[in-house]
Amino acid sequence: MAAFLRSKCSSVGRTLMGSLGNNLFGAVNSSVETVTRPPQCDAISQQIRTFIQMRTNLKVVDNSGAKRVMCIQSLRGKKGARLGDTIIGSVKEAQPRGKVKKGDVVYGVVVRAAMKRGRNDGSEIQFDDNAIVLVNNKGELIGTRVFGPVPHELRKKKHLKILALAEHIV
């Protein structure tokens, strides 16, 4: 089994095995594991996980036709958006026959964030990537499916339709 190390360097949400195609140890790569780097890491290799703010690229995890969205504005506050917050973004990559096109300005709900978020029971949740689900200006989903894990914190933010369509709730 892969050993997980704790250190004073920045933590990242990847296993020590990385993204190897052949999983030799039989461990499942989960996108919610929190692993830290060894203490030998320098300032160049450190990556600070912060709020989703302007010019942040996000992966789209629904079947609306968009692949990648760049955040234009966070509707939460000055610092930026976190899990369950709504943002305004511009579609940067899209599938050929999708509901949205490249260059469209869309609303989206953040369903995965690389920034750590504490829970009431003392645990923390952190994802490998930043991902959103596209919604219209009324908050209704554009797509009909949601791919990948979704945190149950969306229930507090009243995004029950996203939870109902999600493959896996973390």
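An unreviewed UniProt entry lists the protein under the name 50S ribosomal protein L14, chloroplastic, from Eragrostis curvula. The heading Sequence similarities (unreviewed entry) in the UniProt record of the protein holds the text "Belongs to the universal ribosomal protein uL14 family."

A. Main features of the overall build of the protein. Looking only at helices and strands, one finds one helix and 11 strands in the protein. The N-to-C order of helical and strand elements in the protein reads β-β-β-β-β-β-β-β-β-β-α-β. Restricting the contact set of the protein to residue pairs at least 6 apart, pairs at least 24 apart contribute 52%. Accessible area of the protein: about 10300 Å², with a carbon and sulfur share of 51%.

B. Highlighting unusual backbone geometry. Residues other than glycine seldom take positive phi values, yet R55 does so here, at roughly 70 degrees. Following the sequence through the fold, R55 ends up in the loop between β2 (35–36) and β3 (57–60). Its relative accessible area of 66% is what places R55 among the exposed residues. With a phi close to 70 degrees, K158 is a non-glycine residue in the positive phi region. For K158, the position within the fold is in the loop between β10 (146–150) and α1 (160–165).

C. Expanded view of the nonpolar core. I52, I87, V110, I132 and L134 are the most contacted members of the largest nonpolar core, which totals 18 residues. Mapped by element, the contributors of at least two residues to this core are β3, β4 (66–74), β5 (86–94), β6 (105–112) and β9 (131–135). The greatest single-element share of this core, amounting to three residues, is contributed by β4. With residues near it in sequence (within four places) discarded, L134 still touches V60, D62, S64, A66, V69, V100, V106, Y107, G108, L141 and I142. Core analysis: the next-biggest nonpolar cluster, separate from the first, contains 13 residues, V61, A131, V150 and L154 among them.

D. Representation of the pairing of β10 within the structure. Of all the five residues making up β10, four are buried; the element is thus mostly covered by neighbouring parts of the structure. Regarding the hand of the β-α-β motif, the stretch spanning β10, α1 and strand β11 (residues 166–169) is right-handed.

E. Representation of the environment of V60 in the model. Relative to the helices and strands, V60 is located in strand β3. What makes V60 buried here is its relative accessible area of 8%. Placed 70 residues apart in sequence, V60 and N130 show a C-alpha to C-alpha distance of 8.8 Å. Not counting chain neighbours up to four residues away, the residues in contact with V60 comprise A66, K67, R68, V69, I132 and L134.

F. Spotlight on the side chain of S90. Inspection of the secondary structure assignment puts S90 in strand β5. When neighbours within four sequence positions are excluded, S90 is seen to be in contact with R68, V69, M70, I72, G103 and D104.

G. Spatial organisation of the pattern of salt bridges. Enumeration over the complete set of coordinates arrives at six salt bridges. We note a salt bridge from D85 to R76, for which the minimum N-O separation is 3.2 Å. Judged by its relative accessible area of 7%, D85 falls in the buried class. Counted as one network, the salt bridges with shared partners bring together R76, D85 and K157.

H. Main features of the side chain of D85. As for its position among the elements, D85 is in the loop between β4 and β5. Among residues more than four places away in sequence, those in contact with D85 are R76, G108, V109, V110 and K157.

Parameters and conventions
- Residues numbered from 1 in each chain as written.
- Predicted model: local features only at pLDDT ≥ 70, side-chain atom pairs only at ≥ 80, totals over all residues.
- Heavy atoms only, no water.
- UniProt positions renumbered as here; feature names shortened; annotations may be inferred.
- Helix = DSSP H or I, 4+ residues; strand = E, 2+ residues; numbered from the N terminus.
- Contact = heavy atoms within 4.5 Å.
- Areas by Shrake-Rupley, 256 points an atom, 1.4 Å probe, with all protein chains shown as cover.
- Buried < 20%, exposed > 50% of the residue type's maximum accessible area, 1.4 Å probe, protein only.
- Core = buried A, V, L, I, M, F, W, Y, C linked by side-chain atoms within 4.5 Å.
- Right-handed = clockwise from strand over helix to strand, strands pointing away.
- Salt bridge = Lys/Arg side-chain N within 4 Å of Asp/Glu carboxyl O.

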